[in-house]
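Observations on chain architecture
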Amino acid sequence: MSETAQQSPHHIDVKEFHPRARAAIHNPQIRQNFRKAMDGLMTKRKSAFEGWDLETLRDLGANIRLRALANLPDLLEQLEQKLTENGITVHWAADGDEACEIVRDICVARNASSVIKGKSMVSEEMELNHYLEEQGIEALESDLGEYIVQLAEETPSHIIMPAIHKNTEEISQLLHDKTGTDLSHDVEYLTANARLQLREKFMNADVGVSGVNFAVAETGTLCLVENEGNGRMTTTVPLCHIAVTGIEKVVPNLEDVTALLALLTRSATGQHITTYFNMISGPRKADELDGPEEVHLVLVDNGRSTIYQDDELLDTLRCIRCGACMNHCPVYTRVGGHAYGTTYPGPIGKILMPHMVGLDEGRHLPTASSLCGACGEVCPVKIPIPDLLVRLRQESVDGDKLHPAKVRGHGAKRSSMEAMIWKGWSWMHARPGMYRMGTSLGARFRKLQPGKFGGWTRYRTAPKLAARTLHERMKERSQ
Amino acid sequence: MSSRDAILQRLRHRTGGELTAPECDFSVLNRPEWSTAEKLDMFERTIESVHGEVHRTTESGWIDRLAEILQTRGAGTLLIAKEHEIGKALQSATKSREDLPQLLIYDEPVESWQEALFSEVDAGITSTRGGIAETGSLILWPSVDEPRLMSLVPPIHIAVLKASELYTTFHHAMQSQNWAAGMPTNALLISGPSKTADIEQTLAYGVHGPKELIVLVIE
Ligand code: SF4
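Residues numbered from 1 in each chain as written. Chains lettered and ligands numbered in written order. Predicted model: local features only at pLDDT ≥ 70, side-chain atom pairs only at ≥ 80, totals over all residues. Heavy atoms only, no water.

In the nomenclature of an unreviewed UniProt entry, chain B is known as Lactate utilization protein of Marinobacter orientalis.

Looking at an unreviewed UniProt entry, chain A carries the name Iron-sulfur cluster-binding protein, with the source organism given as Marinobacter orientalis.

1. Here's the deal with the interface of chain A and chain B
Each partner contributes residues to the interface: chain A has 100 residues there, and chain B has 75 residues. For the pair chain A and chain B, the two sides together bury roughly 7600 Å², of which 59% comes from carbon and sulfur. On the surface where chain A and chain B come into contact, there are eight salt bridges. K211 of chain B is the partner of E188 of chain A in a salt bridge, and the nearest nitrogen-oxygen pair spans 3.4 Å. Of the residues that constitute the side of chain A that touches chain B, the class distribution is 45 nonpolar, 27 polar and 28 charged. (Contact = heavy atoms within 4.5 Å. Buried area = accessible area lost by both parts, 1.4 Å probe. Salt bridge = Lys/Arg side-chain N within 4 Å of Asp/Glu carboxyl O. Nonpolar A, V, L, I, M, F, W, Y, C, P; charged D, E, K, R; others polar.)

2. Re the environment of S281 of chain A
Among the structural elements, S281 of chain A can be located in the loop between β9 (276–280) and β10 (294–300). Exposure remark for S281 of chain A: the relative accessible area of 5% places this residue in the buried category. If near-sequence neighbours (up to four positions away) are discounted, S281 of chain A is found in contact with N86, I88, G220 and T221 of chain A together with M183, P184 and T185 of chain B. (Helix = DSSP H or I, 4+ residues; strand = E, 2+ residues; numbered from the N terminus. Buried < 20%, exposed > 50% of the residue type's maximum accessible area, 1.4 Å probe, protein only.)

3. Let's talk about the pattern of salt bridges
Evaluation of the coordinates by the stated rule reveals 42 salt bridges over all chains. Note that K119 of chain A and E146 of chain A form a salt bridge whose closest N and O atoms lie 3.1 Å from each other. With K119 of chain A in the loop between β2 (114–117) and α6 (121–126) and E146 of chain A in helix α8 (residues 144–151), this residue pair connects regions lying 27 residues apart in the sequence. Given the relative accessible area of 26%, K119 of chain A is considered partly exposed. Given a relative accessible area of 2%, E146 of chain A falls into the buried group. With a closest N to O distance of 2.7 Å, E134 of chain B and R31 of chain B form a salt bridge. With E134 of chain B in the loop between β5 (131–132) and β6 (137–140) and R31 of chain B in the loop between α1 (3–12) and α2 (36–49), this residue pair connects regions lying 103 residues apart in the sequence. Exposure remark for E134 of chain B: the relative accessible area of 14% places this residue in the buried category. Linked through salt bridges whose partners overlap, the residues forming this network are D74, E77 and E80 of chain A together with R4, D5 and R12 of chain B.

4. Considering the sheet that holds strand β4 (residues 123–127) of chain B
Residues and elements named next belong to chain B. One open sheet accounts for six strands, arranged β1-β12-β7-β4-β2-β3; its pairing is parallel. Whereas interior strands pair on both sides, the edge strands pair on one side only; in this sheet they are β1 (53–57) and β3 (102–105). Put simply, the sheet's adjacent strands are angled 25° from each other on average, direction ignored. Sitting on the sheet, α2 is in contact with β1, β7 (156–162) and β12 (212–218), with an inclination near 150° to β1. Where helix α3 (residues 62–72) meets the sheet, its contacts fall on β1, β2 (77–80), β4, β7 and β12, and the angle it forms with β12 comes to roughly 160°. (Pairing = 2+ DSSP bridges. Axes fitted to C-alpha atoms, helices over the stretch in contact; angles between N-to-C directions.)

5. Let's talk about the pairing of strand β9 (residues 186–190) of chain B
For β9 of chain B, the tally of buried residues reaches five of five residues, placing the bulk of the element in the interior. Burial of the side chains of β9 of chain B extends over both faces: N186, L188 and I190 of chain B are buried on one face and A187 and L189 of chain B on the other. Direction of pairing for β9 of chain A relative to β9 of chain B: antiparallel, over a ladder of five bridges. What sits directly across from Y276 of chain A, in β9 of chain B, is I190 of chain B. Both β6 of chain B and β9 of chain B contribute to a ladder of three bridges, which runs antiparallel. By the bridge assignment for β9 of chain B, L140 of chain B is matched with L188 of chain B.

6. Remarks on the side chain of E248 of chain A
Residue and element names in this part refer to chain A. Among the structural elements, E248 can be located in the loop between β7 (240–246) and β8 (250–251). Owing to a relative accessible area of 2%, E248 belongs among the buried residues under this scheme. Among the polar contacts listed, one links the side chain of E248 to the side chain of R304, at a separation of 2.7 Å. Once you skip the residues sitting within four places of it in the chain, E248 turns out to touch R65, L69, L72, R304, L317 and R321. (Polar contact = N/O pair within 3.5 Å; in protein donor to acceptor, adjacent residues only side chain to side chain.)

7. Brief notes about the UniProt feature "domain: LUD" (unreviewed entry) in chain B
When the UniProt feature table is mapped onto this chain numbering, "domain: LUD" (unreviewed entry) sits at residues 41–218 of chain B. The span residues 41–218 of chain B shows a helical share of 26% and a strand share of 28%, and its end C-alpha atoms are spaced 14 Å apart. (UniProt positions renumbered as here; feature names shortened; annotations may be inferred.)

8. With respect to the site of the ligand
In the region of the ligand, the neighbouring residues are C319, I320, R321, C322, G323, C325, I348, C379, P380, V381, I383 and I385 of chain A. Grouping the amino acids of the shell around the ligand by side-chain chemistry returns ten nonpolar, one polar and one charged. (Near = heavy atom within 4 Å.)

9. Quick look at the sheet that holds β7 of chain A
Residue and element names in this part refer to chain A. Strand order in the open sheet made by the six strands is β1-β10-β7-β4-β2-β3, with parallel pairing throughout. Every interior strand has two partners, whereas the edge strands, β1 (88–93) and β3 (138–141), have only one. Pairwise comparison of adjacent strand axes, ignoring direction, gives a mean angle of 20° for this sheet. Pairing analysis gives four bridges linking β2 to β3, with the strands arranged parallel. Its bridge partner being in β3, S114 is matched across the sheet by E138.

10. A short note on the packing of helix α2 (residues 28–48) of chain A against helix α12 (residues 254–269) of chain A
Residue and element names in this part refer to chain A. Across the interface, α2 lies against α12 with an axial gap of 6 Å and an inter-helix angle of 145°. Seen from α2, the contacting residues are L41, K44, R45 and A48; seen from α12, they are R266, S267, A268 and T269. Partitioned by chemical class, the residues of the contact of α2 with α12 number three nonpolar, two polar and three charged.

Next comes the structure, spelled out in structure tokens:
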């Protein structure tokens, strides 16, 4: 286990990506756990789409998300209106802190002392568990992966499979230490024990908190995708259900979820569909015998409305959080999810997190990529992730000329030395005479060329200038 | 200004200007019209591939089959609906036969018997609003008579599906049943028993919901 993984996000310095990445690369356990899992996921995804016209389906996915974003403010209002008609209370939060306070206030109003949670990346973004604990409210994760991560006092290393960085042995030891189960590699046994322990908690929890995969404006419906049934428990057993989600999760029509669901589960885990697709459109009615008597939706902005301002960056908001980009990312597979030090790791994290933590904090995120393009090729909603990475790289070194500051920390990586070199470079390349003179001087004095170019030559040999320039050689040939 | 108004205002007055919404063509989801037999084969294959169990039976034979299934599993109690025809049929059958487990009727708010529901019920039986062949899914709209937890808490969930109510795709089912006209408080697609792969990608069943999903298909 890498020591860095033990930290909670509250004291992770996102800037320290390199030391964490280096540690992970030298940790054979991490390497093996991720390699094995990602290989499996890639194969499963591929076979799940067999027989599909995948390009057309991805086009549809992209168009559904783009259409939703094109009408985002109207859709959010429609969603609010429909949900309210259905008896669901809608709250709006400008950032994670406000969202936490909203959840707390609902808990306090109900005299709640314990919260059971279904999987929700937005609640990770809000650092809700930590906040609730501080307020004296117990918050327990019920998704098995999240439960493991919480027991280990870690954060998820993958958005779909939170405990993917651990192998059975490590989990067995953890469950033994924290919950007193026998040391066993029998996954059935370990799972059965978690079931027993969590069932107790479901029955006694005052409030259930879940995420949302799609929110349908047309009918006022919250859709949740899951395999375990803990999401259904969370949203059914406690008398109060609070769903938290980003403002971008809304879609106009119920029909839209059929295509997005088909893309989501196949891209994520290679399943045709998950065990449960849970659609919630209201609290328990007067004559119904179970279900929560109160349902709330907290719509969280947390930087999304800023991303929304820019025509290119906007594409980030199409994401349906399938995780396929990380499963296919050569960097993610090698360094694992914790190296990034961010709530969302991998390619989606690299294009989303700079908006949340700023480009000064997140300066290494857009460069932690070989730009191989795999993420963009598999993304079910066709987010041009590599283009967005390049754009964010530009943002992080630009002065304020090219684009007015759209991302917090804009220009944080700009070095005046580098800027000067590039300025000189472009000046010379725009003047043929100067260019020729420059290259021929370079060829003459090539012995003086430095052998090291900073980070670039750490793992590469420096290119050498040729004895004669291309222009000179071409001239000889034509004589 | 409230956060709500501030967020909406920022979204309304975006610096990038008006966005245009692209057309969405759903025809990629269309499948050829399958016969009921083809749909049933497909449904069976798909749900069995994720550990669901399918038993083909008939209007007159399903109770026998159910009794057999529950006996082999040693189920002592079966949770049923009060008013639904399935529940009614079982209530009257149990008067004349001994091979059915003890029937429990879900007719009280869960608060009054939650402990028992969680620890004493071996199996629950529900109806369905049809099935989806392509993904091997059951459509459930829990109701006053068949509450949500019936299909979630007992370790065995038995669902009764009429073969004639199979749809090819989710899209088709939703359109045919006109879901957009009005959704119930809770609607579900169930496609197999509860499972997890969170421990090193090893599948384990029955993590929070039923360990077994058994579908009785009435042909
Ligand atoms: S960016 Fe695309 S591939 Fe990555 S999680 Fe989001 S939808 Fe999936």
